[in-house]
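# Architecture and fold: a report
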Amino acid sequence: MSELAINGGPEAAEALSVPEWPQVTDACRENVLDALESRNWCRGSWIDRLEEEFADYHDAEHAIAVSNGTVAIELALRAVGVEPGDEVLVPSYSFIASASAVPAVGAVPRFVDTDPETFNVDPESVRERITDDAVGIIGVHFAGYPMDLDELLPICAAHDLFLIEDAAHAQGSEWKGEKVGTFGEFGTFSFQESKSLPAGEGGIVVTDDDVLAERARTMQNIGRAHGETGYRHYALSSNSRLSDLQAALAAAQLEKLPAENDLRERNEARLLEELETIDGIRTKPRDDRITARGYCLENVRYDPDEFDGLSRDRFIEAMRAEGVPVYDGYEVPIYKQPAFFRDQVRRLVPPGTDVPDYRNLHLPGAERLCRENVAYSHPVLLADEAGIATIPEAIRKIETHADELRDA
């Protein structure tokens with residue numbers, strides 16, 4: 001096999017052409033121009049259209065558009081009635097918002113471990129970490145790979161816990177033929193520009209519960225009742241509205257999302273077929289209960305022992321040199337972030353509330369993923385079939401030269 005690209009050789013994945021992201025289409029331009037010229041830049045017809053079309057796409061009765069995915073989680077927590085000092089179980093391996101939303105509403109995060117096979121919350125860890133003060137769970141459909149809802153929903157029912165599905169990565173994912181987001185009290189989504197449905201920023205919450213939906217709409221709109229525009233406010237709450245300009249952009253992106261997800265899923269199936277034959281590259285388990293995938297990124301686990309001791313970081317460096325844009329993902333679990341040092345959380349919760357010592361917490365599944373994860377973003381799966389085929393070729397090339405890289 002030819003010399004490694006990192007040493008001056010040809011790129012193994014030279015044929016891999018990853019589309020630019022986000023993609024700007026004619027529909028994007030037309031929709032945004034329509035919203036611009038309408039002069040209804042706050043809440044116009046595009047908000048209504050986006051909420052209706054997203055609810056329909058995600059099999060939900062209600063959708064409420066918001067300013068970003070972080071406030072989507074905060075809104076869901078407020079709407080389900082989380083009170084200061086309550087405990088909410090949160091994932092340990094995710095973007096920080098999956099946990100930081102909890103102290104933002106005055107509650108205490110209690111981290112649960114991550115299943116390294118699926119990158120999702122470990123149901124057994126959930127069972128172990130429920131306390132008398134726990135009122136609910138935030139779980140992430142990580143990278144669009146759904147959580148094990150068959151395990152989590154009975155736990156919630158047995159302990160009277162709400163479930164908020166953080167589906168920021170999972171636009172279009174299905175569990176047993178039903179889109180994610182409606183299994184719990186709320187599903188929350190992000191439209192940040194790296195997501196598969198981008199609008200720069202923005203987000204949306206979905207629910208099948210009429211009462212929760214009305215409460216969320218009031219809280220989203222500074223305490224106004226749904227449909228009112230005057231100066232009567234029925235609840236103390238913030239403003240988390242999405243603008244009509246962003247809604248117009250998101251609506252155009254939603255139009256093309258189903259076809260893009262179909263292509264991503266076909267390409268991922270081709271890729272996994274090859275990756276599963278490479279020792280040292282561990283893919284997520286095939287699960288027949290996952291009937292459709294949404295995507296934000298995708299992950300494999302890297303075992304340096306199968307690559308002559310070549311470190312994960314050096315492997316990633318070599319892969320990027322070969323033309324495959326992979327990266328390491330989250331460097332530390334959320335509970336190791338400086339933002340979760342105990343004094344910072346104590347400022348946001350009622351005085352005297354017991355706050356865990358997050359800095360000294362040890363959850364082996366999450367920490368293992370921080371050492372082993374190799375990630376690539378969803379636009380990679382929009383490349384053509386020939387380009388996708390070069391990814392395992394690049395891995396095998398590095399595997400052949402692993403001792404050379406390790407020694408260097």
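Refer to the structure presented above.
Because the structure is a prediction, the values reported are computed rather than measured.

### Remarks on the overall build of the chain
When helices and strands are counted, the chain shows 13 helices and 14 strands. A globule of 408 residues ought to have a C-alpha radius of gyration of about 22 Å, and the chain, at 22 Å, matches this closely. In terms of its C-alpha atoms, the chain occupies a principal-axis envelope of roughly 70 × 55 × 35 Å. A burial count over the chain gives 54% of its 408 residues as buried. In the chain, once contacts between residues fewer than 6 apart in sequence are set aside, the share between residues at least 24 apart is 72%. A distance of 4 Å separates the average location of the 39 positive side-chain charges in the chain from that of its 77 negative side-chain charges.

### Looking at the side chain of T390
Mapped onto the secondary structure, T390 falls in helix α12 (residues 385–400). Note on T390: relative accessible area 6%, which makes it buried. Not counting the four nearest positions on each side in its chain, T390 is found in contact with A12, A13, A15 and L16.

### Some details on helix α6 (residues 149–159)
Every buried residue of α6 is listed here: L149, L152, I155 and C156. When α6 is viewed along its axis, its buried side chains cluster within an angular range of 130° and face the same direction. Among the exposed residues of α6, those oriented more than 90 degrees off its buried face are A157 and A158. If you follow the buried residues of α6, they end up packed against α5 (123–129), β4 (134–140), β5 (162–166) and β6 (174–175). Sitting at the amino-terminal end of α6 is D148, which places a side-chain oxygen 3.2 Å from the backbone nitrogen of D150. Positioned one or two residues after α6, D160 has a phi angle of 55°, which is positive.

### Some remarks on the pairing of β4
Look at any regular strand and the pattern is simple: side chains alternate between the two faces of the sheet. Counted residue by residue, β4 has six buried out of seven residues, so it is predominantly covered. With three bridges connecting them, strand β2 (residues 87–91) and β4 associate as parallel partners. Looking across to β4, one finds that E87 is bridged to A134. In terms of strand pairing, β4 meets β5 through five bridges, oriented parallel. Counterpart to G136 in the pairing with β5 is F162. Between the parallel elements β4 and β5, the chain passes through α6 in a crossover that is right-handed.

### Observations concerning unusual backbone geometry
Across the junction of W21 and P22, the peptide omega takes the value 0°, indicating a cis bond. Residue position: P22 is located in the segment before α1 (26–38). Phi at D160 is positive, roughly 55°, even though this residue is not glycine. Tracing the backbone through its elements, the reader meets D160 in the loop between α6 and β5. One non-glycine residue, K176, lies in positive phi territory at about 55°. Structurally, K176 is set in the loop between β6 and β7 (178–179). On the basis of relative accessibility, which here comes to 51%, the residue K176 falls in the exposed class.

### Notes on empty space enclosed by the protein
Following the criterion strictly, the structure yields three cavities of 30 Å³ or more and no others. For the largest cavity, the calculated volume is near 100 Å³. Along its surface, the largest cavity is lined by L271, L275, I281, V300, F315, M319, V324, V326, V374, Y376, I391 and I395. Of all elements in the fold, only α8 (244–275), α9 (312–321), β14 (373–377) and α12 reach the threshold of two or more residues within the lining of the largest cavity.

Cut-offs and rules
Residues numbered from 1 in each chain as written. Predicted model: local features only at pLDDT ≥ 70, side-chain atom pairs only at ≥ 80, totals over all residues. Heavy atoms only, no water. Helix = DSSP H or I, 4+ residues; strand = E, 2+ residues; numbered from the N terminus. Rg over C-alpha atoms; globule rule 2.2 N^0.38 Å. Buried < 20%, exposed > 50% of the residue type's maximum accessible area, 1.4 Å probe, protein only. Contact = heavy atoms within 4.5 Å. Lys, Arg positive; Asp, Glu negative; His and termini not counted. Charge placed at Lys NZ, Arg CZ, Asp CG, Glu CD. Arc of directions from axis to C-beta. Polar contact = N/O pair within 3.5 Å; in protein donor to acceptor, adjacent residues only side chain to side chain. Pairing = 2+ DSSP bridges. Right-handed = clockwise from strand over helix to strand, strands pointing away. 1 Å grid on protein atoms, 1.4 Å probe; cavity = no way out; pocket = protein on both sides within 12 Å on 5 of 7 lines; lining within 4 Å. Points joined across faces, edges and corners; volume = space filled by probe spheres on them.

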